[in-house]
Amino acid sequence: FLISKTLYELLHDGIFSTLETETFSLFSFQMHAQCNSKSLVTQSCLGIRFQVYFRNNLYQQIKKRKKDLFLRKWQCFKINSSLCSQTVLPNDWKVNYVSEPDIPFLYNEIFVDECYIQHGVTLAEEDVVLDIGANIGLFGMFCAVRCPRGRVVCVEPVPATFQALRQNLASIPHPSSFSSASTSAQTTALQLAVSDGTQAQGEIVFYSGAAGWSTLHPNDAEVREAVEAYVLGALPSGLGLEGETPLIMLGQWLAKLDFPLTNFIIKVIIQATVARMLSQRTRVPCSLRTVSDIIADEGLSVVNLLKVDVERAELEVLQGIQSADWPKIQQVVMEVHDVDGRLNTVCAILKDAGLVLIVCEQSVLMKGTTLWNLYASRQTP
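Below, the structure is looked at part by part. (Residues numbered from 1 in each chain as written. Predicted model: local features only at pLDDT ≥ 70, side-chain atom pairs only at ≥ 80, totals over all residues. Heavy atoms only, no water.)

## Quick look at the overall build of the chain
Our working rule: Only DSSP runs of H or I reaching four residues or more are called helices, and only runs of E reaching two or more are called strands; each is numbered from the N terminus. Relative accessibility thresholds used throughout: buried, under 20% of the residue-type maximum; exposed, over 50%; partly exposed, between the two (1.4 Å probe, protein chains only). Contacts between residues were defined by any pair of non-hydrogen atoms, one from each residue, lying within 4.5 Å. Using the Shrake-Rupley algorithm and a 1.4 Å probe, accessible areas are obtained, with residue cover drawn only from the displayed protein chains.
Scanning the chain for helices and strands turns up 12 helices and 15 strands. Here the chain, with 381 residues, has 54% of them falling under the buried criterion. A fraction of 65% describes how many contacts in the chain between residues 6 or more apart in sequence connect residues 24 or more apart. Of the roughly 16,800 Å² of accessible surface on the chain, 51% is carried by carbon and sulfur atoms.

So, in structure tokens, the structure goes:
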């Protein structure tokens, strides 16, 4: 009853528009409030069916205000992300996607927090960016407008994600908000996985419900740990909650109930949601190349920024860079999964390559997990 009452209050305020049905997979409930047949949404998840009825006047408001932020933000009322392939970001950019839950997280990371250009890492208008693990290309789009006279090469192995990447790079908005240039950077999309060069073919695990988790080296336990730490860490402080994932939003609302089992319920929801997303997996064959192969094939004389986010394959990416190519790489920003001393190993490789300014940072919400952000540059501040 408490959960249903809380959800009804949120629905009444229109906040429910950002939620996905899988968030409520543990609960069965019905809500009725001045409804009509058009406003009915019904969905069955994990074997449990629920129905939600929207107030008639709210339904009419939504229908009339399709261009407002209320409807734009994550294309509200999209109950199943497989039903659509395009959404509108808060900055009004239209983007194609594979898994909708990735979008708010990626948007905040790249466009709001600008997490890849910190600690001395910079972008200039003529820079060349090599993005390994480009996902749907939001960082590539960001770089293309920040480096209008430069070049952006994006690498992504999963066919579905690569298709979204290619479409997004082909529809980059005018860069006038970032510079005086009249065009954006030259962009290239490559459907490859990047490794150390010991094999030519590999197999990547693709998660259709969370494309950003796709990896050559799956580790379900690490994913569960990271998601749980992120959500539970965000609830008390409110950090990272605005415009964030439905899972976090539901947890925040449950936290308002303030009863002894709140944390337990939140953890159960996290575990059920993550388990569902991890179960939606497919093994996809992929070509394996090295960073040095890409540098040679694309004729890159310099790489001003190498960005690496490859879900536990980051060490192999660095090991595939030949010594003759390291001087071409001016800056590196990457996510590191610190297992078996990997963070220290990565730092040692970068120092040996002449990247003397290295900052390793762990998000407040990721404390106690294996996830670290690393920034490296040849230039001193």
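## What about the pairing of strand S15 (residues 371–377)?
As a reminder of what qualifies: Two strands pair under a simple rule: DSSP has to find at least two bridges between them.
For S15, the buried fraction is high: five of the seven residues fall into the buried class. Summarising the sheet, strand S14 (residues 357–361) and S15 pair through five bridges and their orientation is antiparallel. Bridge assignment links leucine 357 to a residue of S15, and that residue is serine 377.

## Considering the sheet that holds strand S13 (residues 331–337)
In sheet architecture, strand pairing relies on hydrogen bonds along the backbone and comes in two forms, parallel and antiparallel. Definition in use: Helix axes are fitted to C-alpha atoms over the stretch in contact, other axes to C-alpha atoms as well, and angles between N-to-C directions run from 0 to 180 degrees.
Strand order in this open sheet of seven strands is S8-S7-S6-S12-S13-S15-S14, and the pairing throughout is mixed. Whereas interior strands pair on both sides, the edge strands pair on one side only; in this sheet they are strand S8 (186–190) and S14. Averaged over all neighbouring strand pairs, the angle between strand axes comes to 15°, with direction disregarded. Here four bridges tie strand S6 (residues 128–132) to strand S12 (residues 305–308), and the two strands are oriented parallel to one another. Along S12, the bridge assignment pairs valine 129 with leucine 305. Most of the contacts of helix H6 (residues 159–169) go to S8, to which it runs at about 170°, and overall it touches strand S7 (151–155) and S8.

## Notes on the packing of aromatic side chains
Which entries qualify depends on this criterion: Stacked, edge-to-face and tilted are the three classes for Phe, Tyr and Trp ring pairs, Trp counted by its six-membered ring, which pair at centre distances within 6.5 Å; planes under 30 degrees apart are stacked, over 60 edge-to-face, the rest tilted.
For the structure shown, the criterion picks out six aromatic pairs. A ring pair is formed by tyrosine 107 and phenylalanine 111, whose centres lie 5.2 Å apart and whose planes are at 20°; its orientation type is stacked. On the criterion of helical spacing, the pair formed by tyrosine 107 and phenylalanine 111 is a turn pair, its members being four residues apart in helix H4 (residues 102–112). In terms of burial, tyrosine 107 and phenylalanine 111 fall into one category: buried.

## Description of the sheet that holds strand S9 (residues 193–194)
Read from one edge of the open sheet, three strands run S9-S11-S10, paired in mixed fashion. Looking along the sheet, the strands with just one partner apiece sit at the ends: S9 and strand S10 (201–207). Of the pairings in the sheet, the one linking S10 to strand S11 (residues 281–289) comprises seven bridges and is antiparallel in character. Looking at S11, one finds that phenylalanine 206 is bridged to threonine 282.

## Regarding the packing of H4 against helix H5 (residues 138–146)
Our working rule: By definition in this entry, angles of less than 35 degrees are roughly parallel, angles greater than 145 are roughly antiparallel, angles of 65 to 115 are roughly perpendicular, and the rest are oblique. For a crossing to be left-handed, the near helix must be turned anticlockwise from the far one by less than a right angle; the clockwise case is right-handed. Each residue is assigned to one of three groups, with Ala, Val, Leu, Ile, Met, Phe, Trp, Tyr, Cys and Pro labelled nonpolar, Asp, Glu, Lys and Arg labelled charged, and all others, Gly among them, labelled polar.
At their nearest, the axes of H4 and H5 sit 10 Å apart, and the two run at 25° to each other. One finds that H4 runs roughly parallel with respect to H5. The two elements H4 and H5 cross, and the hand of that crossing is right-handed. The residues of H5 that touch H4, namely those facing Leu106, Tyr107, Ile110 and Phe111, are Leu138, Phe139 and Phe142. Its residues assigned to classes, the contact of H4 with H5 shows seven nonpolar, no polar and no charged.

## Thoughts on unusual backbone geometry
In this structure, histidine 119 is a non-glycine residue whose phi angle is positive, near 55°. Locating histidine 119 in the fold gives a position in the loop between H4 and S6. At arginine 312, a position not held by glycine, the phi torsion is positive, near 80°. One can find arginine 312 in the loop between S12 and helix H11 (314–319). A relative accessible area of 7% means that arginine 312 is categorised as buried.

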